[in-house]
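Inside the fold
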Amino acid sequence: MMQKTLLTVVTLCLAGVVSALAEGEIGKITRFDGKAKILSGTTVVDVKEVGQPVLNGDKIQTEDGSVDVGFADGAQLQIKPFSTITVDEKTIEKGILFFKTKQDTRRVTANVGKAHFKSGEVSEKKNYLQTPTAVCALRGTEGDFGYDNQNSYLNLTIGNADVIGNILRGAFPDFD
């Protein structure tokens, strides 16, 4: 009985490691200052160096600092002080039966705070900037987005967005 329990625990731990490895690196820290952390699964690590990996599903939290993330397709994310941002990438299927297509997507969620996002120049990924109350589908875009626990904000400097939900457009202050 004890061996079965130990084997079950070891199997579950290995499954967790394999699952974490399957998530994969989607970007790297390209610049940081001040204090920031990355929540990856159930592990919290300090942002310590340029080149530190950002994995699919990671939540990046800044305190009195800021963090820049560079993605493989050239997209850039600048996370402002006192913000929490989650990044996810996946391939989604659209269509029915034999007419299905696949689309690579990136979702950048402002859980609270402010960030600046610039899509990759040659990327085929469909980018979504979202908050708890709104989603913006981007096309060739650069701009700021954020959430202050009451309102969602979007200030595009280049490109367009299809918006679902209530969002305030135009320049908005940092939330520090």
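We now turn to the structure provided with this report. (Residues numbered from 1 in each chain as written. Predicted model: local features only at pLDDT ≥ 70, side-chain atom pairs only at ≥ 80, totals over all residues. Heavy atoms only, no water.)

Focus: unusual backbone geometry
Selection criterion: Going along the chain from the N terminus, every DSSP run of H or I of four or more residues is numbered as a helix, and every run of E of two or more is numbered as a strand. Categorising residues by exposure relies on relative accessible area from a 1.4 Å probe, with only protein chains included: less than 20% of the type maximum marks a residue as buried, more than 50% marks it as exposed, and the intermediate range marks it as partly exposed.
Backbone geometry at Phe-82 places phi at a positive 60°, although glycine is not the residue there. On the secondary structure map, Phe-82 appears in the loop between β7 (76-79) and β8 (84-94). One non-glycine residue, Asn-149, lies in the positive phi region at around 70°. Its place among the elements puts Asn-149 in the loop between β11 (134-147) and β12 (152-165). On the basis of relative accessibility, which here comes to 57%, the residue Asn-149 falls in the exposed class.

Looking at the environment of Val-135
So the rule is basically this: Residue contacts are counted whenever heavy atoms from the two residues lie within 4.5 Å of one another.
When you line up the elements, Val-135 lands in strand β11. With relative accessibility at 24%, the residue Val-135 sits in the partly exposed group. C-alpha separation for the pair Val-135 and Val-108, spaced 27 residues apart in sequence, amounts to 9.8 Å. In contact with Val-135, not counting residues within four places along its chain, are Arg-107, Tyr-128, Leu-129, Gln-130, Asp-162, Val-163 and Ile-164.

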